[in-house]
Amino acid sequence: MSSKEILIVGAGLAGIAAAWALRQRGHRVTVLDAGDGPAQGTSFANAGALTPSEPEPWNAPGVQWQLLKSLPDPHSAMKLRLKPLPGLVPWGLRFLANSTRKRWEAACRANFALSRHSLARTRAVREECGLAYDMLGRGTMKICRDTRPMDERARMGEMLADAGLRLEILDREQTVAREPLLAPVADGIAGAIYYPDDESGDAHLFTCGLAKAAEAAGVAFEWNTPVFDLLDRGGRIVGVRTEREEIEVGTVVLATGHTSWKLLKPHGLHLPVRPVKGYSLTLDMSGLDQRPGLPVVDEALHAILTPMGERLRIAGTAEFAGTDATLREDRVDNLRHLVRRVYPELADTLLGGDQKAWCGFRPMSADGRPFIGETRARGLWLTTGHGHLGWTQAMGSGDLLAALISGETPPVPAEPFAATRF
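The structure displayed is predicted, hence computed values, not measured ones.

About the thresholds
- Counting restarts for each chain: residues are numbered from 1 in the order of the written sequence.
- Given that this is a predicted model, residues contribute local features only at a pLDDT of at least 70 and side-chain atom pairs are listed and counted only at 80 or more, while totals for whole chains, interfaces and linings are drawn from all residues.
- For the side-chain quantities, the full set of heavy atoms in the structure was used; hydrogens and water were omitted.
- A run of H or I in DSSP counts as a helix once it spans at least four residues, and a run of E counts as a strand once it spans at least two, with each numbered from the N terminus.
- Residue burial is assigned from relative accessible area. The probe radius is 1.4 Å, only protein chains are included, and a residue is buried under 20% of its type maximum, exposed over 50%, and partly exposed in between.
- For two strands to be treated as a pair, DSSP must find at least two bridges joining them.
- Among the buried residues, those of types Ala, Val, Leu, Ile, Met, Phe, Trp, Tyr and Cys that are joined through side-chain atoms within 4.5 Å form a nonpolar core.
- The criterion used for residue contact is that any of the two residues' heavy atoms lie within 4.5 Å.
- Whenever a nitrogen or oxygen atom comes within 3.5 Å of another N or O atom, the pair is scored as a polar contact, on the condition that within protein one atom can donate a hydrogen and the other can accept it, and that pairs from neighbouring residues in sequence are kept only if both atoms are in side chains.
- Between N-to-C directions, angles span 0 to 180 degrees; the directions come from axes that are lines fitted to C-alpha atoms, helices contributing only their stretch in contact.
- With respect to orientation, any angle under 35 degrees is reported as roughly parallel, any angle over 145 as roughly antiparallel, any angle of 65 to 115 as roughly perpendicular, and every other angle as oblique.
- Here a crossing is taken to be left-handed if its near helix is turned anticlockwise relative to the far helix by less than a right angle, and right-handed if that turn runs clockwise.
- In this count, Pro and Cys sit with the nonpolar residues alongside Ala, Val, Leu, Ile, Met, Phe, Trp and Tyr, while Asp, Glu, Lys and Arg are called charged and the others, Gly among them, polar.

**Details of the environment of E152**
Inference 1: Among the structural elements, E152 can be located in helix α5 (residues 147–160).
Inference 2: We classify E152 as partly exposed; its relative accessible area is 34%.
Inference 3: Considered as a pair, E152 and T256 are 104 residues apart in the sequence and their alpha carbons are 34 Å apart.

Following this line, the structure appears as structure tokens:
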């Protein structure tokens, strides 16, 4: 392997993970970002869940009916807004075309393989670099109000059991034994699915810690440096253009999330990745005598409550709103409602204290799998389109990308994530 000079655009989870993996293989790496530090965008206040147990794309069979029903319902977990709809049509048609059972299940298998490898890489770098990010290794638990979703998750478990997915089906009493603070709402719970191999923590702290370790290892960072265009020399991408200069390198990697398609479009590359807005609410738990012991997912609202040290992060919902970054109070209220629904005896204390609401854009691919690899434009590589699995797949995606750039055997099958499939 020969060392290459590589420029990565984007210092979120995907970009920092790629920078680390490439530097570990001996490459000279520079990271550019428009912000003044790492993880200022979608990686800033996400759900905090590392969940290989959730490999399924959001375009599950029948998703079109769910989206239509969301139009008049402000509390729908998956919400379609009319204003950005015309601009979403080409992407949306691909999104729906990939919602067949066969394609959806294939995406589940591919995502699980990458996610499982990624979690192993996350654990390894945590130990190697001594990263502290309010990590919990207690698994996640998905509570269900009736048995139907439990049956669906059991079928998912059967489909992925040979690939290594472990789960436990819990009845009501076992659910409360696993998380005693659910006792007040036990009568409304049919049971739960517990995934012992999942983890959780603060993705922003993780990314900042890994960026510091990468810099110590020799990765260069340039902050407050937005990239406006790619330098194209006869069909080969040889660098980028910023407001100050043109930078030429051997290889360019875009880790720019939902905005990647804007940089690609002028060069004839139409990336089917669009933003899907998610919300989070972070609450202070320092005043609680008892605290939740593990992340709990509410199946009905598709949202999660994640303990992070002294804080509780509630996150979820999916809003197809284009690039409208408005922090909508009705969507944040959905998360407040979830606190009262899951932990009614803690809600007044939690919601009476400090609240930090946030929204960000998940980069969602039309077929439910990220894009990792070289594009049809030589010299241009991608790691984007991870959707709701951004942190779960970050370290594995960086490792896969670095292996491909270095000419190594991929750690997981690379074909499902090929950046030439659009």
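Let's pick the thread back up.
**Section: the pairing of strand β13 (residues 251–254)**
Inference 1: Across the two faces of β13 the burial is the same, with T251 and V253 and V252 and L254 all buried.
Inference 2: As defined by bridge partners, strand β1 (residues 5–9) adjoins β13 across 4 bridges and the pair is classed as parallel. If you follow L7 over to β13, its bridge partner there is V252.

**So, the nonpolar core**
Inference 1: I8, V31, F206, L210 and W391 are the most contacted members of the largest nonpolar core, which totals 43 residues.
Inference 2: Listed by contribution, the elements that provide at least two residues to this core are β1, α1 (13–24), β2 (28–32), α4 (101–129), α7 (203–216) and α11 (394–405).
Inference 3: Here the element with the most residues in this core is α1; it accounts for 9 residues.
Inference 4: When sequence neighbours within four positions are dropped, the list of residues in contact with W391 reads L13, N46, G48, A49, L50, S118, Y133, G201, D202, A203 and F206.

**A word on the side chain of D202**
Inference 1: With respect to the helices and strands, the residue D202 is situated in the loop between β8 (199–200) and α7.
Inference 2: A distance of 3.0 Å separates a polar atom in the side chain of D202 from a polar atom in the side chain of R311.
Inference 3: When sequence neighbours within four positions are dropped, the list of residues in contact with D202 reads Y133, M308, R311, R313 and W391.

**Some details on the packing of α1 against α7**
Inference 1: In contact at an axis separation of 10 Å, α1 and α7 are set at 30 degrees when each is read in the N-to-C sense. Taken together, the axis directions place α1 and α7 in an arrangement best described as roughly parallel. When you trace α1 past α7, the crossing you get is left-handed. Between α1 and α7, the contacting residues are L13, I16, A17 and W20 on the first element and A203, F206, T207, L210, A211, A213 and A214 on the second.
Inference 2: Its residues placed into classes, the contact of α1 with α7 shows 10 nonpolar, 1 polar and no charged.

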